[in-house]
Amino acid sequence: MAERREDLPFAGITVVSIEQAVAAPFATRQLADLGARVIKVERPGGGDFARRYDTTVHGQSSYFVWLNRSKESVTLDLKSEAGRAILEQLLGEADVFVQNLAPGAAARMGLGPDALGERFPSLIPCTISGYGTTGPWADRKAYDLLVQCQTGLVSLTGNEHGAARVGVSIADISAGMYAYSGILTALFKRATTGEARAVEVSLFEALAEWVSQPAHYTRHGGTQPPRIGTQHATIAPYGAYPAADGRAVLFTVQNEREWAGLCERFLRRPDLVEDKRFTTMSDRVAHRDQLNGIIGERFSRLDSGEAMKLLDGAGIANSSVNDIGDFLAHPVLEGRGRWQDVRIPGGTTIPALVPPADLAGIPPRMGPVPAEGEHTESILGELGYGTAEIERLRTDGVI
């Protein structure tokens, strides 16, 4: 895998980010993966609080090592005049500025997009907020599960026994993805017109886009999709069924051709193709319980391996229901070389997944995860600070 930034598509792009948690670090890590220089500004004496979410990865946080490879860390006390002066120097050399500070904090420090545009006309500022920087909830803090609740996503997950959060930080991840694509769009706009445009993304509006289908279903159908575990609210059959060996197999039928194949080659019930209860997808959803009974009875006479082989033969997409341990050993990840070693603070190397978008002939940069403030002295040296000045800044608590 490539380690040389100069060989990658974003070589020459510098990103300064005042970031914490997940959304902003996810956006900037993707820029770093493809060669951007990402300078992560952290608080002295603690840094990004995601560093302390857990200690499971050889003493490091699983969140932090996931989100922060290939970055440089500088510590700055932005409440101090000297710290803000250093930040101004960094921004003067940057192409992109990303921040997900608490509501109103960036504006109070003169880091809002309008103020930055006046001082740095070519800089692309990106703001990631909870509910937007304007509107009735602009001043509210937001975290992933809060946004899952506010968008109604939690009401769609789980089963008849209760709601459940999505098991990953889906609001943060969606916001980070939209921030990344927004930054790329702004860079393209600047390259073609010379204009630097600000980017704004909120966790709420990013996840709102992702719940648009159930929103349309609810608005126009009069009721929201039911919460039914691994089943699908609007497609049937679609779900996990226990086989005779106790292992569950999930499969889905997406169209009438697949339905006929399932009936004839898996269920061994070709008569069901013409059964009016199951003729269309809407019919099958309406008679889901009866259909599940027929499918469940067939699964009860097969072990999971047999069931999956028969489903394959019928041209029906299917899957075992894996846990994370199964995923870690997945043959696709191994066979396609998706794991690459990354160094973490302390010198240990760990396997990490390479980015999912492959650019032909351009392997991503899988650089080390920085220790807090690891690059402070080298970056200050680039800005013209001498050894004595750096030591004074350290003594004063600025870095």
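Keep in mind that this is a model prediction, so the values were computed, not measured.

A. Representation of the overall build of the chain in the model. For the chain, the helix and strand inventory stands at 17 helices and 11 strands. Each principal axis of the C-alpha atoms in the chain carries an extent, and together these give about 85 × 45 × 40 Å. Taken over 399 residues, the chain has a buried fraction of 46%. When contacts within the chain are restricted to residue pairs at least 6 apart in sequence, those whose partners lie at least 24 apart make up 66%. Roughly 19,700 Å² of accessible area belongs to the chain as shown, and the carbon and sulfur atoms make up 53% of that amount. Counting 40 positive and 49 negative side-chain charges, the chain places the averaged centre of each group 3 Å from the other.

B. Spotlight on the environment of Gln-213. With respect to the helices, strands and loops of the structure, Gln-213 is situated in helix 9 (residues 212-221). As for Gln-213 and Gly-373, which are separated by 160 residues in sequence, their C-alpha atoms are 44 Å apart.

C. Main features of the nonpolar core. Grouped together as the largest cluster of nonpolar side chains are 35 residues, with contacts concentrated most on Val-15, Val-98 and Ile-128. Elements that contribute at least two residues to this core include exactly helix 1 (23-33), strand 4 (96-99), strand 5 (124-129), helix 7 (170-193), strand 6 (199-202) and helix 8 (203-210). Ranked by the residues each element gives to this core, the list is headed by helix 7, at eight residues. When neighbours within four sequence positions are excluded, Ile-128 is seen to be in contact with Ala-23, Ala-24, Val-98, Gln-99, Asn-100, Ala-175, Ala-179, Val-201 and Leu-203.

D. Region of interest: the sheet that holds strand 7 (residues 238-242). If you trace the three strands from one edge of the open sheet to the other, you get 7-8-9, paired in antiparallel fashion. At either margin of the open sheet sits one strand with a lone partner, and together these are strand 7 and strand 9 (318-320). Within the sheet, the average angular offset between the axes of one strand and its neighbour, ignoring direction, is 25°. Here strand 8 (residues 248-252) pairs with strand 9 via three bridges, running antiparallel.

E. Spotlight on the sheet that holds strand 2 (residues 37-42). Taking strand neighbours across the sheet as the criterion, the six strands line up as 3-2-1-4-5-6 in an open arrangement whose pairing is parallel. The strands lining the two open edges of the sheet, one partner per strand, are strand 3 (72-75) and strand 6. Averaged over all pairs of adjacent strands, the angle between strand axes in this sheet comes to 20°, irrespective of strand direction. Bridging between strand 1 (residues 14-18) and strand 2 involves five bridges; their strand directions are parallel.

F. Representation of the environment of Val-154. When you line up the elements, Val-154 lands in the loop between helix 6 (144-150) and helix 7. When the C-alpha positions of Val-154 and Ser-202 are compared, they lie 18 Å apart, and in sequence the two are 48 residues distant. In this structure, Val-154 is in contact with Leu-145, Gln-148, Cys-149, Ala-163, Ala-164, Arg-165 and Arg-227, ignoring residues within four places of it in sequence.

G. Main features of the pairing of strand 7. With five bridges connecting them, strand 7 and strand 8 associate as antiparallel partners. Counted as the bridge partner of Pro-242 is Ala-248 from strand 8. Linking two consecutive strands that pair antiparallel, namely strand 7 and strand 8, is a turn of five residues; a positive phi of about 90° is found at Gly-246 within it.

H. Expanded view of unusual backbone geometry. Between Ala-236 and the following residue, Pro-237, the backbone shows a cis peptide bond with an omega angle of -5°. The residue Pro-237 is located in the loop between helix 9 and strand 7 in this model. A positive phi angle is found at His-58, which is not glycine, with a value near 50°. By the element assignment, His-58 lies in the loop between strand 2 and helix 2 (62-67).

What counts as what
Residues numbered from 1 in each chain as written. Predicted model: local features only at pLDDT ≥ 70, side-chain atom pairs only at ≥ 80, totals over all residues. Heavy atoms only, no water. Helix = DSSP H or I, 4+ residues; strand = E, 2+ residues; numbered from the N terminus. Buried < 20%, exposed > 50% of the residue type's maximum accessible area, 1.4 Å probe, protein only. Contact = heavy atoms within 4.5 Å. Areas by Shrake-Rupley, 256 points an atom, 1.4 Å probe, with all protein chains shown as cover. Lys, Arg positive; Asp, Glu negative; His and termini not counted. Charge placed at Lys NZ, Arg CZ, Asp CG, Glu CD. Core = buried A, V, L, I, M, F, W, Y, C linked by side-chain atoms within 4.5 Å. Pairing = 2+ DSSP bridges. Axes fitted to C-alpha atoms, helices over the stretch in contact; angles between N-to-C directions.

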